[in-house]
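Here is how the chains run, residue by residue.
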Amino acid sequence: MSDNSDLQKIKAAAAALDYVQDGMVLGLGTGSTAAHFVRLLGDKVKKGCKIQGVPTSIATQELALSLQIPLLDIEKVTHIDVTIDGADEVDPQLRLIKGGGAALLREKLIAHASAHMVVIADEGKMVDILGKFPLPVEIIQFGVAITANKIFECLRATNCEGTDIQLRYKSDGTTPLVTDNGNFILDCHCIMIPDPIGLCAQLNAIPGVVENGIFPIFANTNRTLVLGTSEGAKVVELVS
Ligand code: 5RP
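All values reported here derive from a predicted model rather than from experimental measurement. (Residues numbered from 1 in each chain as written. Predicted model: local features only at pLDDT ≥ 70, side-chain atom pairs only at ≥ 80, totals over all residues. Heavy atoms only, no water.)

Student: An account of the packing of aromatic side chains is requested, with residue identities and associated values reported.
Tutor: Here the structure, examined in full by the defined rule, presents one aromatic pair. With a centroid separation of 6.1 Å and 50° between ring planes, the pair formed by F215 and F218 is classed as tilted. Judged on exposure class, the residue F215 and its partner F218 are both buried. In this structure, K98 packs its charged tip against the face of F215, placed 5.7 Å from the ring centre. Over the aromatic face of F215 sits the side chain of K108, whose NZ or CZ is 5.5 Å from the ring centroid. (Phe/Tyr/Trp six-rings, centres within 6.5 Å; stacked < 30°, edge-to-face > 60°. Buried < 20%, exposed > 50% of the residue type's maximum accessible area, 1.4 Å probe, protein only. Lys NZ or Arg CZ within 6 Å of the ring centre and 35° of its normal.)

Student: Lay out the side chain of T221 with the relevant residues and their values.
Tutor: Positionally, T221 belongs in the loop between β11 (214-215) and β12 (222-229). Judged by its relative accessible area of 2%, T221 falls in the buried class. A polar side-chain atom of T221 sits 2.8 Å from the main-chain carbonyl oxygen of S114. (Helix = DSSP H or I, 4+ residues; strand = E, 2+ residues; numbered from the N terminus. Polar contact = N/O pair within 3.5 Å; in protein donor to acceptor, adjacent residues only side chain to side chain.)

Student: Lay out the pairing of β12 with the relevant residues and their values.
Tutor: Among the eight residues of β12, seven are classified as buried, and the element is accordingly described as predominantly covered. Sheet topology note: the strand β6 (residues 114-122)/β12 ladder contains seven bridges and is parallel. Looking at β12, one finds that V118 is bridged to T224. Relative to strand β13 (residues 232-238), β12 runs antiparallel, the two being bridged by seven bridges. (Pairing = 2+ DSSP bridges.)

Student: Before we move on, could you go through the environment of I165 and cite the residues and values that matter?
Tutor: Checked against the element boundaries, I165 lands in strand β8 (residues 164-167). Distance in space between the C-alpha atoms of I165 and F152 is 7.4 Å, their sequence separation being 13 residues. Once residues lying within four places of it in the same chain are set aside, the contact partners of I165 are A148, I151, F152, L155, L186, D187 and C188. (Contact = heavy atoms within 4.5 Å.)

Student: Kindly report on unusual backbone geometry, identifying the contributing residues and their values.
Tutor: Excluding glycine, most residues fall at negative phi; most peptide bonds, likewise, are trans. Unusually for a residue other than glycine, N159 sits at a positive phi of about 60°. Here N159 shows up in the loop between α5 (144-157) and β8. When its relative accessible area of 58% is taken as the criterion, N159 is described as exposed. The phi angle at I191 is positive, at roughly 65°, despite the residue not being glycine. Inspection of the secondary structure assignment puts I191 in the loop between β9 (184-189) and α6 (196-204).

Student: Before we move on, can you summarise the site of the ligand with the specific residues and values?
Tutor: The full set close to the ligand counts 17 residues, and S32, T33, D88, G99 and K125 are the nearest of them. A distance of 3.0 Å is found between an oxygen atom of the ligand and a side-chain nitrogen or oxygen belonging to K9. K98 places a side-chain nitrogen or oxygen 2.9 Å from an oxygen atom of the ligand. Protein contact buries 91% of the 380 Å² of open area that the ligand shows by itself. Among the residues making up the shell around the ligand, the classes are represented as three nonpolar, eight polar and six charged. (Near = heavy atom within 4 Å. Areas by Shrake-Rupley, 256 points an atom, 1.4 Å probe, with all protein chains shown as cover. Nonpolar A, V, L, I, M, F, W, Y, C, P; charged D, E, K, R; others polar.)

Student: Go over the sheet that holds β11, please, and point to the residues and values.
Tutor: What the three strands build is an open sheet, ordered β4-β5-β11; its pairing is antiparallel. Two strands bound the open sheet, and with one partner strand each, they are β4 (89-90) and β11.

In structure tokens, the structure reads:
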């Protein structure tokens with residue numbers, strides 16, 4: 001990651017503060033861009049802004065608590081006003097790949113329950129076709145070989161250019177990474193995903209798959225992209 005891309009992430013995170021209003025319930029994303037946003041939100045809360053946060057991972061929960069951002073118990077939440085989160089890839093229709101930080105399941109659940117999702121990203125995340133970033137698929141720990149084989153068949157059936165699938169490991173390289181939900185992640189090197197909506201549906205129909213990192217446009221959630229660029233933040237709106 002270049003300094004420039006981090007600067008772009010900060011610009012996007014700062015511009016996303018425009019979507020925050022007193023009294024809102026906010027979904028708080030995961031990753032370095034979302035962490036910039038959470039830190040800026042912490043400053044706004046210190047200045048008196050009254051919001052309640054719903055974190056998408058244990059890491060974000062810990063960061064938000066360290067900044068004294070009030071958080072809601074997830075079991076008491078049914079509706080979220082705005083979720084602000086990063087992305088690994090964004091296509092021209094604002095469809096996403098997420099899950100590079102292994103938080104895709106909670107991120108998707110929370111974004112899907114939101115009236116509005118604001119995606120914050122640097123320019124390097126824009127692609128014409130999703131798939132260069134390995135697609136994360138969260139799976140249960142039982143029957144990994146069976147599930148991986150079904151996923152392989154699914155990638156082939158939906159004409160993905162690549163079909164290589166890797167179990168994600170922790171940084172030690174020997175222990176499989178376990179998500180906040182107690183599951184594994186398979187990273188699928190699709191290279192190009194010609195039919196993201198079809199692939200998303202087919203992956204989630206496999207019994208061992210819990211969720212995958214394709215974020216289609218959700219029917220009841222407006223989506224906005226706030227892209228950090230060298231010239232400032234650029235906003236692309238999509239109203240569903
Ligand atoms: C975590 C995610 C992140 O939003 C995604 O990986 C982008 O991360 P970063 O902002 O660090 O580039 O989906 O599961």
